[in-house]
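Report on the structure
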Amino acid sequence: DPTLGDGSYFDCFTIQTRPGQTLQIDQVSDEFDSYLAAGSGSCASMNNAISDDDGGGGLNSRLAFEGDCSRLMISVNSLSGG
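Residues numbered from 1 in each chain as written. Predicted model: local features only at pLDDT ≥ 70, side-chain atom pairs only at ≥ 80, totals over all residues. Heavy atoms only, no water.

We now examine the side chain of Asn77. Following the sequence through the fold, Asn77 ends up in strand E6 (residues 71–78). One polar contact links Asn77 to Ser8, side chain to side chain, over a distance of 3.0 Å. Sequence-distant contacts of Asn77, that is, excluding residues within four places in its chain, are made with Leu4, Ser8, Tyr9, Phe10, Gln27, Phe32, Asp33, Ser34 and Tyr35. (Helix = DSSP H or I, 4+ residues; strand = E, 2+ residues; numbered from the N terminus. Polar contact = N/O pair within 3.5 Å; in protein donor to acceptor, adjacent residues only side chain to side chain. Contact = heavy atoms within 4.5 Å.)

On to the pairing of strand E5 (residues 61–66), then. Here E5 shows a clear split, with Ser61, Leu63 and Phe65 buried on one side and none of Arg62, Ala64 and Glu66 buried on the other. Across six bridges, the pairing between strand E2 (residues 22–27) and E5 is antiparallel. Among the inter-strand pairings, Gln27 is bridged to a residue of E5, identified as Ser61. (Buried < 20%, exposed > 50% of the residue type's maximum accessible area, 1.4 Å probe, protein only. Pairing = 2+ DSSP bridges.)

Chain-level pLDDT for the protein is 89 on average; 99% of the residues reach the 70-or-more range. Here strand E4 (residues 46–52) stands out as the least confident element of the protein, with mean pLDDT 84; E2 is the most confident, with 95. (pLDDT = per-residue confidence, 0-100.)

Next up on the list: the pairing of E4. Judged from the six bridges that link them, strand E3 (residues 34–41) and E4 form a sheet pairing that is antiparallel. Note on E4: the bridge partner recorded for Ala37 is Ser51. What sits between E3 and E4 in their antiparallel hairpin is a turn of four residues.

One open sheet holds the four strands; their spatial order is E1-E6-E3-E4, and the pairing between them is antiparallel. Because the sheet does not close on itself, it has two edges, and the strands there are strand E1 (10–16) and E4. Each strand axis lies, on average, 30 degrees off the axis of its neighbour in the sheet, ignoring direction. Note: E1 against E6, seven bridges, orientation antiparallel. (Axes fitted to C-alpha atoms, helices over the stretch in contact; angles between N-to-C directions.)

And the structure:
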């Protein structure tokens, strides 16, 4: 996987939201501390609208939000490098 400037590994996805749509994104890992972010721009230089480190319990991350007809970049990565 590619890495960000802090050395963390990441993958990036694009989603198109719909008005009133309830969305929940979970990242679960037994191997590393997960981190999720959603916003505009590109994954390498995202303008974060929302992000989460441990909202999914333990070291797992969770984003929960309502769609507004925007196109969002979702970045899934490890909290730190290595």
